[in-house]
Amino acid sequence: MATILPSPPRVGMVSLGCPKNLVDSERILTQLRSDGYQMSPDYAGADVVLVNTCGFLDSAKEESLDAIGEAIAENGRVIVTGCMGKEAETIRARFPGVLAITGAHEYEQVVGAVREAAPMPPSAFLNLVPDAGLKLTPRHYSYLKISEGCNHRCSFCIIPSLRGDLVSRRPDAILREAEKLVAAGTKELLVISQDTSAYGVDMRHSVWPLKGGGEVRAHMTDLSRELGKIAPWVRLHYVYPYPHVDHVIPLMADGLVLPYLDIPFQHASPAVLKRMKRPGNDAKVLQRIHNWRALVPDIAIRSTFVVGFPGETEEDFQYLLDWLDEAQLDRVGAFRFEPVEGAAANLLPDHVPEEVKEERYARIMERTAAISTAKLARRVGRTLDVIIDAVDEDGATGRSKADAPEIDGEVFLRDAGHLTLGDIVPVLIEDADAHDLYGVPV
Ligand code: SF4
(Lines give C-alpha, C1' and ligand atoms only; values in the text may rest on other atoms or scores of the structure.)
Protein backbone atom coordinates (compact mmCIF):
# COMPACT_ATOMS: atom_id res chain seq x y z
CA MET A 1 0.00 0.00 0.00
CA ALA A 2 1.37 3.45 -0.90
CA THR A 3 2.33 5.66 2.03
CA ILE A 4 0.61 9.04 1.99
CA LEU A 5 2.87 11.74 3.32
CA PRO A 6 1.29 14.69 5.12
CA SER A 7 1.21 17.70 2.81
CA PRO A 8 3.81 20.30 3.81
CA PRO A 9 2.88 23.95 4.42
CA ARG A 10 3.12 26.37 1.48
CA VAL A 11 5.03 29.65 1.63
CA GLY A 12 4.38 32.69 -0.58
CA MET A 13 7.14 35.22 -1.18
CA VAL A 14 7.06 38.85 -2.26
CA SER A 15 10.61 40.09 -2.90
CA LEU A 16 11.20 43.83 -3.29
CA GLY A 17 14.28 45.97 -3.84
CA CYS A 18 17.79 45.34 -5.06
CA PRO A 19 19.56 42.16 -6.25
CA LYS A 20 21.06 41.71 -2.74
CA ASN A 21 17.54 41.37 -1.43
CA LEU A 22 16.72 38.95 -4.22
CA VAL A 23 19.69 36.79 -3.24
CA ASP A 24 18.50 36.88 0.37
CA SER A 25 15.04 35.76 -0.80
CA GLU A 26 16.58 32.90 -2.76
CA ARG A 27 18.61 31.84 0.23
CA ILE A 28 15.56 31.88 2.51
CA LEU A 29 13.49 29.92 -0.01
CA THR A 30 16.31 27.41 -0.52
CA GLN A 31 16.46 26.74 3.20
CA LEU A 32 12.68 26.45 3.45
CA ARG A 33 12.54 24.13 0.46
CA SER A 34 15.24 21.91 1.92
CA ASP A 35 13.19 21.83 5.14
CA GLY A 36 10.35 20.39 3.05
CA TYR A 37 8.18 23.51 2.56
CA GLN A 38 6.31 24.01 -0.72
CA MET A 39 6.27 27.34 -2.51
CA SER A 40 2.99 29.03 -3.39
CA PRO A 41 2.77 31.23 -6.50
CA ASP A 42 -0.23 33.15 -5.13
CA TYR A 43 -1.57 34.52 -1.86
CA ALA A 44 -4.59 32.22 -1.79
CA GLY A 45 -2.61 28.97 -1.66
CA ALA A 46 -0.07 30.11 0.94
CA ASP A 47 -0.13 29.15 4.61
CA VAL A 48 2.11 32.10 5.30
CA VAL A 49 3.48 34.94 3.15
CA LEU A 50 6.98 36.38 3.44
CA VAL A 51 7.50 39.98 2.37
CA ASN A 52 11.19 40.79 1.87
CA THR A 53 11.24 44.59 2.06
CA CYS A 54 13.48 47.38 0.80
CA GLY A 55 14.07 50.55 2.79
CA PHE A 56 16.66 52.29 0.67
CA LEU A 57 14.57 55.37 -0.20
CA ASP A 58 11.33 56.78 1.18
CA SER A 59 9.58 55.68 -2.01
CA ALA A 60 10.93 52.12 -1.53
CA LYS A 61 9.68 52.11 2.07
CA GLU A 62 6.22 53.18 0.92
CA GLU A 63 6.25 50.42 -1.69
CA SER A 64 7.25 47.92 1.00
CA LEU A 65 4.45 49.06 3.31
CA ASP A 66 1.97 48.78 0.43
CA ALA A 67 3.18 45.23 -0.28
CA ILE A 68 2.76 44.26 3.40
CA GLY A 69 -0.74 45.78 3.35
CA GLU A 70 -1.65 43.82 0.23
CA ALA A 71 -0.35 40.54 1.70
CA ILE A 72 -2.29 41.15 4.92
CA ALA A 73 -5.47 41.90 2.96
CA GLU A 74 -5.10 38.92 0.61
CA ASN A 75 -3.76 36.31 3.02
CA GLY A 76 -3.55 37.66 6.58
CA ARG A 77 -0.59 35.54 7.78
CA VAL A 78 2.44 37.67 7.00
CA ILE A 79 6.11 37.68 8.05
CA VAL A 80 8.20 40.73 7.16
CA THR A 81 11.94 40.58 6.58
CA GLY A 82 14.62 42.68 4.84
CA CYS A 83 15.84 46.23 5.28
CA MET A 84 12.61 47.53 6.80
CA GLY A 85 13.08 45.10 9.67
CA LYS A 86 14.97 47.99 11.27
CA GLU A 87 11.68 49.93 11.38
CA ALA A 88 9.64 47.29 13.13
CA GLU A 89 7.73 49.89 15.13
CA THR A 90 6.50 51.68 11.97
CA ILE A 91 5.37 48.35 10.53
CA ARG A 92 3.65 47.22 13.71
CA ALA A 93 1.91 50.58 14.11
CA ARG A 94 0.38 50.20 10.66
CA PHE A 95 -0.07 46.40 10.59
CA PRO A 96 -0.39 45.06 14.14
CA GLY A 97 -1.34 41.62 12.80
CA VAL A 98 2.09 40.93 11.24
CA LEU A 99 3.33 37.62 12.68
CA ALA A 100 7.05 38.42 12.87
CA ILE A 101 9.53 41.03 11.69
CA THR A 102 13.19 40.25 11.06
CA GLY A 103 16.02 42.30 9.60
CA ALA A 104 18.16 41.94 6.49
CA HIS A 105 20.41 38.85 6.33
CA GLU A 106 18.68 37.30 9.37
CA TYR A 107 18.15 34.01 7.58
CA GLU A 108 17.98 31.87 10.68
CA GLN A 109 15.44 34.20 12.27
CA VAL A 110 13.15 34.42 9.28
CA VAL A 111 13.23 30.67 8.71
CA GLY A 112 12.54 30.22 12.43
CA ALA A 113 9.55 32.56 12.16
CA VAL A 114 8.16 30.52 9.24
CA ARG A 115 8.64 27.27 11.16
CA GLU A 116 6.71 28.77 14.02
CA ALA A 117 3.91 30.25 11.89
CA ALA A 118 3.48 27.15 9.73
CA PRO A 119 5.11 24.14 11.43
CA MET A 120 5.93 21.12 9.31
CA PRO A 121 3.64 18.21 10.19
CA PRO A 122 5.50 15.41 11.96
CA SER A 123 6.41 12.55 9.66
CA ALA A 124 8.82 9.69 10.12
CA PHE A 125 9.78 10.14 6.45
CA LEU A 126 10.39 13.88 6.64
CA ASN A 127 11.66 14.30 10.20
CA LEU A 128 14.95 12.46 10.06
CA VAL A 129 16.42 15.07 12.36
CA PRO A 130 15.05 15.25 15.92
CA ASP A 131 13.44 18.51 17.03
CA ALA A 132 16.46 19.41 19.13
CA GLY A 133 18.83 18.86 16.18
CA LEU A 134 21.74 16.44 15.96
CA LYS A 135 24.05 16.62 18.95
CA LEU A 136 27.62 15.57 19.60
CA THR A 137 27.26 15.88 23.37
CA PRO A 138 25.49 13.41 25.70
CA ARG A 139 21.75 13.98 25.90
CA HIS A 140 21.82 15.57 29.34
CA TYR A 141 23.97 18.59 28.48
CA SER A 142 24.01 20.84 25.43
CA TYR A 143 25.96 23.82 24.21
CA LEU A 144 23.79 26.77 23.27
CA LYS A 145 25.40 29.30 20.97
CA ILE A 146 23.94 32.77 21.44
CA SER A 147 26.08 34.80 19.03
CA GLU A 148 28.82 34.58 16.47
CA GLY A 149 31.85 36.82 15.93
CA CYS A 150 33.37 39.47 18.16
CA ASN A 151 33.68 43.27 18.23
CA HIS A 152 37.01 43.24 20.06
CA ARG A 153 40.46 43.06 18.57
CA CYS A 154 42.62 41.32 21.16
CA SER A 155 46.11 41.43 19.77
CA PHE A 156 46.76 37.67 20.12
CA CYS A 157 43.50 36.58 18.51
CA ILE A 158 42.45 36.16 14.89
CA ILE A 159 38.81 35.18 15.53
CA PRO A 160 37.36 38.55 14.47
CA SER A 161 39.20 38.31 11.14
CA LEU A 162 37.87 34.76 10.68
CA ARG A 163 34.32 35.21 11.92
CA GLY A 164 33.68 38.93 11.69
CA ASP A 165 32.00 41.27 14.15
CA LEU A 166 29.43 40.21 16.72
CA VAL A 167 26.12 38.94 15.34
CA SER A 168 23.67 37.93 18.06
CA ARG A 169 20.91 35.40 17.57
CA ARG A 170 17.36 36.50 18.29
CA PRO A 171 16.56 35.83 21.95
CA ASP A 172 13.24 34.16 21.12
CA ALA A 173 15.04 31.77 18.72
CA ILE A 174 17.59 30.93 21.43
CA LEU A 175 14.84 30.28 23.96
CA ARG A 176 12.97 28.11 21.48
CA GLU A 177 16.10 26.04 20.91
CA ALA A 178 16.59 25.77 24.68
CA GLU A 179 13.02 24.51 25.11
CA LYS A 180 13.55 21.86 22.44
CA LEU A 181 16.80 20.73 24.00
CA VAL A 182 15.23 20.43 27.43
CA ALA A 183 12.24 18.58 25.97
CA ALA A 184 14.74 16.14 24.42
CA GLY A 185 16.44 15.46 27.78
CA THR A 186 18.95 18.25 28.34
CA LYS A 187 19.42 19.12 32.00
CA GLU A 188 22.31 21.51 31.62
CA LEU A 189 22.64 24.31 29.06
CA LEU A 190 26.13 25.64 28.44
CA VAL A 191 25.85 29.13 27.01
CA ILE A 192 28.67 29.87 24.58
CA SER A 193 29.75 32.66 22.22
CA GLN A 194 32.96 34.62 21.73
CA ASP A 195 31.78 37.29 24.17
CA THR A 196 28.66 36.38 26.14
CA SER A 197 28.57 39.70 28.00
CA ALA A 198 28.24 41.56 24.69
CA TYR A 199 25.16 39.58 23.68
CA GLY A 200 22.58 41.79 21.96
CA VAL A 201 24.84 44.86 21.54
CA ASP A 202 24.45 44.58 17.76
CA MET A 203 20.65 44.52 18.20
CA ARG A 204 20.83 47.53 20.50
CA HIS A 205 19.35 45.23 23.13
CA SER A 206 15.97 45.39 21.42
CA VAL A 207 12.91 43.75 22.94
CA TRP A 208 11.34 40.67 21.31
CA PRO A 209 7.89 39.18 21.90
CA LEU A 210 7.75 35.70 23.37
CA LYS A 211 5.57 32.92 22.00
CA GLY A 212 3.49 32.36 25.13
CA GLY A 213 3.13 36.10 25.85
CA GLY A 214 5.54 38.54 27.47
CA GLU A 215 8.77 39.73 25.97
CA VAL A 216 12.52 39.39 26.31
CA ARG A 217 15.32 41.91 25.80
CA ALA A 218 18.31 40.85 23.73
CA HIS A 219 20.62 41.21 26.72
CA MET A 220 22.75 38.79 28.68
CA THR A 221 20.88 39.36 31.96
CA ASP A 222 17.39 38.92 30.49
CA LEU A 223 18.41 35.95 28.38
CA SER A 224 20.06 34.24 31.36
CA ARG A 225 16.93 34.77 33.46
CA GLU A 226 14.66 33.27 30.78
CA LEU A 227 17.02 30.32 30.20
CA GLY A 228 17.01 29.73 33.94
CA LYS A 229 13.25 29.24 33.79
CA ILE A 230 13.67 26.58 31.09
CA ALA A 231 16.60 24.38 32.14
CA PRO A 232 17.54 22.99 35.57
CA TRP A 233 21.18 24.06 35.13
CA VAL A 234 22.39 27.03 33.04
CA ARG A 235 26.13 27.65 32.87
CA LEU A 236 27.65 30.84 31.43
CA HIS A 237 30.87 30.70 29.47
CA TYR A 238 33.10 33.41 27.96
CA VAL A 239 31.82 36.19 30.15
CA TYR A 240 33.85 39.42 30.11
CA PRO A 241 33.64 41.35 33.36
CA TYR A 242 31.73 44.36 32.03
CA PRO A 243 29.82 46.22 34.76
CA HIS A 244 26.46 44.66 33.85
CA VAL A 245 27.78 41.18 34.77
CA ASP A 246 27.04 42.29 38.35
CA HIS A 247 23.33 41.98 37.47
CA VAL A 248 23.70 38.27 36.65
CA ILE A 249 24.97 37.45 40.16
CA PRO A 250 21.51 37.87 41.80
CA LEU A 251 20.18 35.31 39.28
CA MET A 252 22.74 32.89 40.72
CA ALA A 253 21.64 33.76 44.25
CA ASP A 254 18.05 32.97 43.16
CA GLY A 255 19.10 29.60 41.69
CA LEU A 256 18.15 30.52 38.11
CA VAL A 257 21.72 30.35 36.79
CA LEU A 258 24.53 28.15 38.12
CA PRO A 259 26.94 29.93 40.47
CA TYR A 260 29.69 29.66 37.87
CA LEU A 261 31.41 32.22 35.68
CA ASP A 262 33.93 31.40 32.99
CA ILE A 263 35.84 34.66 32.56
CA PRO A 264 38.90 34.48 30.31
CA PHE A 265 40.99 37.12 32.11
CA GLN A 266 44.18 36.10 30.22
CA HIS A 267 46.36 38.28 32.46
CA ALA A 268 46.22 40.64 35.42
CA SER A 269 49.11 43.04 34.85
CA PRO A 270 47.63 46.30 33.47
CA ALA A 271 50.63 46.74 31.14
CA VAL A 272 50.18 43.27 29.60
CA LEU A 273 46.38 43.62 29.36
CA LYS A 274 46.88 46.91 27.53
CA ARG A 275 49.19 45.30 25.00
CA MET A 276 46.72 42.43 24.67
CA LYS A 277 43.95 45.00 24.03
CA ARG A 278 41.63 43.05 26.30
CA PRO A 279 38.00 44.07 26.84
CA GLY A 280 36.64 44.55 30.37
CA ASN A 281 40.14 45.51 31.55
CA ASP A 282 38.88 46.75 34.90
CA ALA A 283 41.31 47.66 37.66
CA LYS A 284 38.57 47.04 40.25
CA VAL A 285 37.91 43.47 39.18
CA LEU A 286 39.28 42.02 42.44
CA GLN A 287 36.83 44.14 44.41
CA ARG A 288 34.02 42.96 42.15
CA ILE A 289 34.96 39.29 42.61
CA HIS A 290 34.85 39.99 46.34
CA ASN A 291 31.37 41.52 46.01
CA TRP A 292 30.15 38.57 43.92
CA ARG A 293 31.32 36.16 46.58
CA ALA A 294 29.60 38.20 49.28
CA LEU A 295 26.31 37.65 47.41
CA VAL A 296 26.97 34.07 46.23
CA PRO A 297 29.62 32.52 48.50
CA ASP A 298 29.81 29.34 46.42
CA ILE A 299 30.35 31.06 43.06
CA ALA A 300 33.01 29.20 41.07
CA ILE A 301 35.15 31.37 38.82
CA ARG A 302 37.07 29.71 36.05
CA SER A 303 39.58 31.47 33.85
CA THR A 304 42.41 31.07 31.41
CA PHE A 305 45.72 32.94 31.34
CA VAL A 306 48.46 33.42 28.79
CA VAL A 307 52.04 33.45 30.06
CA GLY A 308 55.01 34.71 28.10
CA PHE A 309 53.05 37.32 26.13
CA PRO A 310 55.45 39.65 24.25
CA GLY A 311 56.93 42.18 26.66
CA GLU A 312 55.80 40.29 29.80
CA THR A 313 58.45 41.06 32.42
CA GLU A 314 59.17 39.11 35.59
CA GLU A 315 57.36 41.91 37.45
CA ASP A 316 54.28 41.50 35.23
CA PHE A 317 54.31 37.77 35.85
CA GLN A 318 54.77 38.20 39.60
CA TYR A 319 51.85 40.67 39.55
CA LEU A 320 49.75 37.92 37.96
CA LEU A 321 50.74 35.38 40.64
CA ASP A 322 49.97 37.85 43.43
CA TRP A 323 46.65 38.69 41.78
CA LEU A 324 45.78 34.98 41.64
CA ASP A 325 46.55 34.66 45.35
CA GLU A 326 44.06 37.46 45.96
CA ALA A 327 41.43 36.34 43.47
CA GLN A 328 41.40 32.69 44.64
CA LEU A 329 39.92 31.50 41.35
CA ASP A 330 38.44 28.03 41.46
CA ARG A 331 39.61 26.71 38.09
CA VAL A 332 42.50 27.97 35.99
CA GLY A 333 43.87 26.94 32.63
CA ALA A 334 47.16 28.41 31.39
CA PHE A 335 48.75 28.65 27.96
CA ARG A 336 52.19 29.63 26.80
CA PHE A 337 51.93 32.49 24.27
CA GLU A 338 52.07 31.25 20.68
CA PRO A 339 52.30 33.63 17.73
CA VAL A 340 49.22 32.62 15.72
CA GLU A 341 49.69 33.54 12.07
CA GLY A 342 48.02 36.88 11.36
CA ALA A 343 47.79 38.02 15.01
CA ALA A 344 48.83 41.62 15.71
CA ALA A 345 50.74 40.55 18.85
CA ASN A 346 53.37 38.86 16.68
CA LEU A 347 54.64 42.29 15.69
CA LEU A 348 55.12 43.44 19.30
CA PRO A 349 58.70 43.78 20.54
CA ASP A 350 60.37 41.79 23.31
CA HIS A 351 59.17 38.27 22.68
CA VAL A 352 59.74 36.06 25.70
CA PRO A 353 62.24 33.18 25.24
CA GLU A 354 60.68 29.70 25.19
CA GLU A 355 62.51 28.52 28.31
CA VAL A 356 61.16 31.53 30.27
CA LYS A 357 57.63 30.75 29.04
CA GLU A 358 58.07 27.16 30.22
CA GLU A 359 59.31 28.22 33.60
CA ARG A 360 56.43 30.69 34.09
CA TYR A 361 53.92 28.10 32.91
CA ALA A 362 55.18 25.63 35.53
CA ARG A 363 54.99 28.33 38.22
CA ILE A 364 51.43 29.39 37.42
CA MET A 365 50.24 25.78 37.27
CA GLU A 366 51.83 25.05 40.62
CA ARG A 367 50.32 28.15 42.23
CA THR A 368 46.82 27.56 40.89
CA ALA A 369 46.91 23.85 41.77
CA ALA A 370 47.69 24.82 45.37
CA ILE A 371 44.74 27.24 45.42
CA SER A 372 42.46 24.60 43.91
CA THR A 373 43.61 21.93 46.41
CA ALA A 374 42.85 24.21 49.35
CA LYS A 375 39.48 25.25 47.96
CA LEU A 376 38.37 21.69 47.17
CA ALA A 377 39.49 20.48 50.62
CA ARG A 378 36.93 22.89 52.09
CA ARG A 379 34.19 21.00 50.28
CA VAL A 380 34.90 17.74 52.11
CA GLY A 381 32.03 16.99 54.49
CA ARG A 382 29.54 19.06 52.52
CA THR A 383 26.65 17.74 50.42
CA LEU A 384 26.70 19.04 46.85
CA ASP A 385 24.39 18.55 43.89
CA VAL A 386 26.12 16.46 41.21
CA ILE A 387 25.02 15.78 37.63
CA ILE A 388 25.86 12.26 36.49
CA ASP A 389 27.97 11.93 33.30
CA ALA A 390 28.93 8.23 33.41
CA VAL A 391 27.89 5.11 35.31
CA ASP A 392 29.54 1.68 35.59
CA GLU A 393 29.37 -1.22 38.03
CA ASP A 394 31.98 0.41 40.31
CA GLY A 395 30.23 3.72 40.64
CA ALA A 396 29.57 6.90 38.73
CA THR A 397 31.29 10.06 37.58
CA GLY A 398 29.65 13.44 37.64
CA ARG A 399 30.21 17.13 38.08
CA SER A 400 29.25 19.64 40.74
CA LYS A 401 27.80 23.04 39.88
CA ALA A 402 31.39 24.32 39.91
CA ASP A 403 32.48 22.05 37.06
CA ALA A 404 31.83 22.41 33.36
CA PRO A 405 32.23 19.28 31.23
CA GLU A 406 35.65 18.56 29.68
CA ILE A 407 37.43 21.58 31.15
CA ASP A 408 36.92 21.42 34.94
CA GLY A 409 37.14 18.72 37.59
CA GLU A 410 34.93 15.72 38.25
CA VAL A 411 33.21 14.07 41.20
CA PHE A 412 33.88 10.33 41.52
CA LEU A 413 31.07 8.49 43.31
CA ARG A 414 31.15 5.14 45.08
CA ASP A 415 28.01 3.02 45.53
CA ALA A 416 26.35 4.82 42.67
CA GLY A 417 25.79 2.07 40.06
CA HIS A 418 22.01 2.59 40.33
CA LEU A 419 22.17 6.13 38.96
CA THR A 420 21.45 7.09 35.35
CA LEU A 421 23.04 9.66 33.08
CA GLY A 422 21.72 13.15 33.65
CA ASP A 423 20.49 12.49 37.20
CA ILE A 424 21.15 15.41 39.51
CA VAL A 425 21.71 13.95 42.97
CA PRO A 426 22.94 15.16 46.37
CA VAL A 427 26.40 13.77 47.10
CA LEU A 428 28.30 13.76 50.39
CA ILE A 429 31.88 14.77 49.59
CA GLU A 430 34.34 12.47 51.37
CA ASP A 431 37.68 13.40 49.85
CA ALA A 432 39.37 15.81 47.46
CA ASP A 433 42.62 16.29 45.61
CA ALA A 434 43.99 19.10 43.42
CA HIS A 435 41.23 18.95 40.83
CA ASP A 436 38.58 16.34 41.70
CA LEU A 437 36.18 15.39 44.46
CA TYR A 438 35.18 11.95 45.79
CA GLY A 439 31.90 11.10 47.47
CA VAL A 440 28.80 9.00 47.89
CA PRO A 441 25.15 9.70 46.99
CA VAL A 442 23.02 10.49 50.02
S1 SF4 B 1 40.08 36.88 22.39
FE2 SF4 B 1 39.37 39.00 22.16
S3 SF4 B 1 39.14 39.31 19.95
FE4 SF4 B 1 39.33 37.11 20.30
S5 SF4 B 1 37.22 36.41 20.40
FE6 SF4 B 1 37.87 36.81 22.52
S7 SF4 B 1 37.28 38.94 22.97
FE8 SF4 B 1 37.16 38.63 20.73
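Residues numbered from 1 in each chain as written. Predicted model: local features only at pLDDT ≥ 70, side-chain atom pairs only at ≥ 80, totals over all residues.

Taken together, the residues surrounding the ligand are Cys150, His152, Arg153, Cys154, Cys157, Ile159, Pro160, Gln194, Asp195 and Pro279. Of the residues that constitute the shell around the ligand, the class distribution is six nonpolar, two polar and two charged. (Near = placed C-beta within 6 Å. Nonpolar A, V, L, I, M, F, W, Y, C, P; charged D, E, K, R; others polar.)

On to the nonpolar core. Of all hydrophobic cores here, the largest spans 75 residues; its most connected members are Phe156, Ala178, Leu189, Val191, Val234 and Phe305. Both domains that meet at this core, namely domain 2 (141-377) and domain 3 (383-441), each give it at least three residues. Those residues in contact with Phe305 that sit more than four places away from it in its chain are Phe265, Gln266, His267, Leu320, Val332, Ala334 and Ile364. Counting 29 residues, the second-largest nonpolar core is a separate cluster that includes Leu16, Leu65, Ala71 and Ala100. (Core = buried A, V, L, I, M, F, W, Y, C linked by C-beta atoms within 7 Å. Buried ≥ 20, exposed ≤ 12 C-beta atoms within 10 Å, placed from the backbone. Domains from an automatic or database assignment. Contact = placed C-beta atoms within 7 Å.)

Before going further, it helps to spend a moment on the sheet that holds strand 19 (residues 424-432). Taken in spatial order, the five strands of this closed barrel run 16-17-18-20-19, and their pairing is mixed. With strand direction ignored, the average angle separating the axes of adjacent strands in the sheet is 50°. (Pairing = 2+ DSSP bridges. Helix = DSSP H or I, 4+ residues; strand = E, 2+ residues; numbered from the N terminus. Axes fitted to C-alpha atoms, helices over the stretch in contact; angles between N-to-C directions.)

Sheet architecture is open: five strands sit in the order 2-1-3-4-5, paired in parallel fashion. Either end of the sheet is taken by a strand with one partner, and the two such strands are strand 2 (38-40) and strand 5 (100-101). Against the sheet, helix 1 (residues 19-34) makes contact with strand 1 (10-15), strand 2, strand 3 (48-53) and strand 4 (78-82), and its axis sits at roughly 175° relative to strand 1, the strand it touches most. Across the sheet, helix 4 (residues 107-117) is in contact with strand 1, strand 3, strand 4 and strand 5; its angle to strand 4 comes to roughly 175°.

We now examine the domain arrangement of the protein chain. In terms of domain boundaries, the protein chain breaks down into domain 1 (10-117), domain 2 (141-377) and domain 3 (383-441). Counting residues at the interface gives 22 residues for domain 2, matched by 14 residues for domain 3. Among the elements that line the side of domain 2 that touches domain 3, the one with the most residues is helix 12 (residues 354-377), at five residues. Tallied by class, the residues present in the side of domain 2 that touches domain 3 amount to eleven nonpolar, four polar and seven charged.

In this section: the environment of Arg367. For Arg367, the position within the fold is in helix 12. Linking Arg367 and Ser161, residues 206 residues apart in sequence, is a C-alpha distance of 35 Å. Discounting chain neighbours no more than four positions away, the residues touching Arg367 are Leu321 and Leu324.

Attention shifts here to unusual backbone geometry. The phi dihedral of Glu406 is positive, around 75°, even though this residue is not glycine. Relative to the helices and strands, Glu406 is located in the loop between strand 17 (395-400) and strand 18 (411-414). Judged by the 8 C-beta atoms lying within 10 Å of it, Glu406 is exposed. The phi dihedral of Asp415 falls on the positive side, at around 50°, and the residue is not glycine. C-beta crowding within 10 Å serves as the criterion here: with 12 such atoms nearby, Asp415 is assigned to the exposed category.

Bringing the packing of helix 11 (residues 314-327) against helix 12 into the picture now. It is at 10 Å that the axes of helix 11 and helix 12 come closest, and there the two elements cross at 10°. By the angle between their directions, the pair helix 11 and helix 12 is classed as roughly parallel. Residues Phe317, Leu321 and Leu324 of helix 11 form the contact with helix 12, whose own contacting residues are Arg360, Arg363, Ile364, Arg367, Thr368 and Ile371. Of the residues in the contact of helix 11 with helix 12, the class split is five nonpolar, one polar and three charged. (Parallel < 35°, antiparallel > 145°, perpendicular 65-115°, else oblique.)

Take helix 6 (residues 171-183) next. Given 3.6 residues per helical turn, the α-helix brings residues three or four places apart onto the same face. Between its terminal C-alpha atoms helix 6 stretches 18 Å, which fits the 18 Å expected from 13 residues at 1.5 Å a residue. Taken together, the buried positions of helix 6 are Pro171, Asp172, Ala173, Ile174, Leu175, Glu177, Ala178 and Leu181. (Expected span 1.5 Å × (residues − 1).)

Moving on, we get to the UniProt feature "binding site: [4Fe-4S] cluster 1" (unreviewed entry) in the protein chain. Following the UniProt record, the feature "binding site: [4Fe-4S] cluster 1" (unreviewed entry) maps to Cys18, Cys54 and Cys83 here. In three dimensions, the annotated residues from a span of 66 residues occupy one location, with a maximal C-alpha spread of 10.6 Å. Within the element layout of this structure, Cys54 appears in the loop between strand 3 and helix 2 (58-74). Excluding residues within four positions of it along the chain, Cys54 makes contact with Leu16, Gly17, Cys18, Asn21, Ala60, Ser64, Gly82 and Cys83. If you trace the backbone, Cys83 turns up in the loop between strand 4 and helix 3 (88-94). Contact partners of Cys83, with chain neighbours within four places excluded, come to Gly17, Thr53, Cys54, Gly55, Phe56 and Ala104. (UniProt positions renumbered as here; feature names shortened; annotations may be inferred.)

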